[in-house]
Amino acid sequence: MNGLSTILIVVGLFLLGGVYSFVKQKQSKSLVTVLALGSAMCLAAGILRLDTWA
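Note that the structure is a prediction, hence the values are computed from the model and not measured.

**Q** I keep staring at the overall build of the protein chain and nothing clicks. Help me out?
**A** Along the backbone of the protein chain there are two helices and zero strands. Seen along its three principal axes, the alpha-carbon backbone of the protein chain occupies a region of about 40 × 15 × 10 Å. Taking all 54 residues of the protein chain together, 22% fall into the buried category. Relative to all contacts within the protein chain whose residues are 6 or more apart in sequence, the contacts with residues 24 or more apart total 69%.

**Q** It is not clear to me how unusual backbone geometry should be interpreted in this structure. Could you clarify?
**A** Glycine aside, residues mostly have negative phi angles, and peptide bonds mostly take the trans form. The phi dihedral of Lys-26 is positive, around 60°, even though this residue is not glycine. Tracing the sequence through the fold places Lys-26 in the loop between helix H1 (2–24) and helix H2 (29–53).

**Q** I would appreciate a short explanation of the side chain of Ser-5 in the present structure.
**A** By secondary structure assignment, the location of Ser-5 is in helix H1. We classify Ser-5 as buried; its relative accessible area is 0%.

**Q** For this particular structure, what's the right way to read the environment of Val-11?
**A** Summarising the element assignment, Val-11 is placed in helix H1. For Val-11, a relative accessible area of 35% puts it in the partly exposed group. Along the chain, Val-11 and Gly-38 lie 27 residues apart, while their C-alpha atoms are 9.2 Å from each other.

**Q** Please clarify how the environment of Leu-16 should be interpreted in this entry.
**A** If you trace the backbone, Leu-16 turns up in helix H1. Residue Leu-16 is classed as partly exposed on the basis of its relative accessible area of 42%. Along the backbone, Leu-16 and Leu-35 are 19 residues apart, and their C-alpha atoms lie at a distance of 7.3 Å.

**Q** Mind showing me how you'd approach a nonpolar patch on the surface here?
**A** A contiguous nonpolar surface patch, about 250 Å² in accessible area, is contributed by Leu-4, Ile-7 and Val-11. Tracing the backbone shows Ile-7 in helix H1.

Cut-off values and rules
- Once a new chain begins, its residue numbering starts again from 1 and follows that chain's sequence as written.
- Given that this is a predicted model, residues contribute local features only at a pLDDT of at least 70 and side-chain atom pairs are listed and counted only at 80 or more, while totals for whole chains, interfaces and linings are drawn from all residues.
- With hydrogens and water stripped out, all remaining heavy atoms of the structure feed into the side-chain values.
- Helix numbers and strand numbers start at the N terminus; a helix is a DSSP run of H or I with at least 4 residues, a strand a run of E with at least 2.
- Here the term buried applies to any residue with accessible area under 20% of the maximum for its type, exposed to any over 50%, and partly exposed to those in between, with areas from a 1.4 Å probe on protein chains only.
- When checking whether two residues touch, look at their non-hydrogen atoms; a contact exists if any pair is within 4.5 Å.
- Here a patch means residues that are over 30% exposed by relative accessible area and free of salt bridges, tied together within 9 Å if like-charged and within 5 Å if nonpolar (Val, Leu, Ile, Met, Phe, Trp, Tyr).
- Areas reported here follow the Shrake-Rupley algorithm with a probe of radius 1.4 Å; residue values treat only the protein chains shown as occluding.
- We define a salt bridge as a contact between a side-chain nitrogen of Lys or Arg and a carboxyl oxygen of Asp or Glu at a distance within 4 Å.

See below:
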């Protein structure tokens, strides 16, 4: 089960990098908000799965 947790954490970090890039490029706030929420959900799900199955 650690494979899925790792994938979720990596995707969350990838989306977080996208948020940083879009903020630096001054993209629309709605796009940044959606990416930030997606990143937070992926990271939270990955971390919760690690704590649950460890």
